Amino acid sequence: MLGNIPVYATLGNHDSLPEAWNTQNILNPGPNASSNALSWNYQLLSSMWANEGWINSTEESYAATHYGAYAHTTASGLRIISINTDFWYVDNIFNYWNVTNPDTSGVLTFLANELAACEKAGQRAWIIGHVLSGYDGSNALPNPSALFYSIVRRFSPATIAGVFFGHTHEDQLQIFYDYLPNSTYTKNGKTYRNTTMVDYSKPLQVGFIGPSITPLTGNNAGYQLYQVDASTFSVTGIQTYFANVSEANTWTKPVWKFEYDARQTYGPSVKGTLSSPWPVAAPLNASFWHDVTESMLSNQTLVELYNLLETKSSVVTKNCSTSACGKQKVCYIRSGSAALGRACGDSHGPF
């Protein structure tokens, strides 16, 4: 349907059988990655991507032996880094061994190395993955999502131009912040960081959690279009379209409708550092969305609007009309790791 437009895929929990199962190469008895019990899946998918011309043969070979992960530079110079996030997903049973090691698969090491190379080359990068690292904290394991947060913090905003997830079937986002200066400590001659000590005055990056065509319970179907700066590759605009599932009995095929424009919807609630409207040419970056959350803390109507758009305007959207629910929602948006999301609690909002 897209013709010659390239597609950049990323593996999720429904791309394996049994669902969410991905085994680390080190667990397999053979001498190399080709002995991985799911190597057939990675080989099949990467060959299909290469056959369509979306990735080259070198990237295909890497993805085939590294859980479907790859990095590709587009014709415009953007580096797209696709990682298999099942290695922090709570439903992947193979994540529950040696849990003190946050990267038993090596996927996050691959990500950090790619970003370091981009930084050295002055190249901008997008990270794409399926299972989100934070928000309410229910989907990711603490250690690997904390390491991912640290990697994003290290390379933002200069190198990373965008982070994109799916999985929840809802229209959401999560903001990554810098750490507090006193978040590090020394023990037995080694320096450690408490990754839950976040400086909420310093937003660095935003992770977009895109809505899905598949509705799931309580949601409509939806998709988004992004406008991207051709030089910086920052997101400058977002439009969301939805299909109202409550009207499905009248369809012969889904009827797609415009739902909202992010800048027009949230922009009026955002004030810059000089108490002026967010500049028209400025990207919808972490600072923009942080200011949205600041407004949400004092504007319950804005909270309820976000809550409705989260479900793609579903007629069965659960209520979030209390200030406690609003604070919880803001806490979720400001949580880029599982530990931060879980610290928000779950007693005040819709689920």
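Each remark here, short or long, concerns the structure printed above.
Described in the following lines is the structure provided in the data block. (Residues numbered from 1 in each chain as written. Predicted model: local features only at pLDDT ≥ 70, side-chain atom pairs only at ≥ 80, totals over all residues. Heavy atoms only, no water.)

1. Some remarks on the layout of surface pockets
Link 1 in the chain: If you add up the space inside the largest pocket, you get close to 1600 Å³.
Link 2 in the chain: Every residue lining the largest pocket is counted, 40 residues in all, and those nearest its centre are V7, Y8, I128, F164 and Y226.
Link 3 in the chain: Put simply, the parts of the chain that give the lining of the largest pocket at least two residues each are β3 (125-128), β4 (160-165) and β9 (221-228).
Link 4 in the chain: Considering every element that reaches the lining of the largest pocket, the biggest residue donor is β9, with six residues.
Link 5 in the chain: The class makeup of the residues in the lining of the largest pocket is 23 nonpolar, 15 polar and two charged. (1 Å grid on protein atoms, 1.4 Å probe; cavity = no way out; pocket = protein on both sides within 12 Å on 5 of 7 lines; lining within 4 Å. Points joined across faces, edges and corners; volume = space filled by probe spheres on them. Helix = DSSP H or I, 4+ residues; strand = E, 2+ residues; numbered from the N terminus. Nonpolar A, V, L, I, M, F, W, Y, C, P; charged D, E, K, R; others polar.)

2. A closer look at the packing of helix α7 (residues 300-310) against helix α8 (residues 323-333)
Link 1 in the chain: In contact at an axis separation of 10 Å, α7 and α8 are set at 60° when each is read in the N-to-C sense. With respect to each other, α7 and α8 are oriented oblique. Considering the relative orientation of α7 and α8, their crossing is left-handed. Touching Q300, V303, Y306, N307 and E310 of α7 are S323, G326, K329 and I333, all from α8.
Link 2 in the chain: When the residues that make up the contact of α7 with α8 are grouped by side-chain class, the tally is three nonpolar, four polar and two charged. (Axes fitted to C-alpha atoms, helices over the stretch in contact; angles between N-to-C directions. Parallel < 35°, antiparallel > 145°, perpendicular 65-115°, else oblique. Left-handed = near helix turned anticlockwise from the far one by under 90°. Contact = heavy atoms within 4.5 Å.)

3. A look at the environment of S156
Link 1 in the chain: Its location among the elements puts S156 in the loop between α4 (142-154) and β4.
Link 2 in the chain: When the C-alpha positions of S156 and D178 are compared, they lie 9.2 Å apart, and in sequence the two are 22 residues distant.
Link 3 in the chain: Setting aside residues up to four positions removed in sequence, S156 forms contacts with L204 and Q205.
Link 4 in the chain: Engagement of the side chain of S156 in a polar contact is seen with the backbone oxygen of V152, the distance being 2.7 Å.
Link 5 in the chain: Side-chain polar atoms of S156 contact the side chain of Q205, separated by 3.0 Å. (Polar contact = N/O pair within 3.5 Å; in protein donor to acceptor, adjacent residues only side chain to side chain.)

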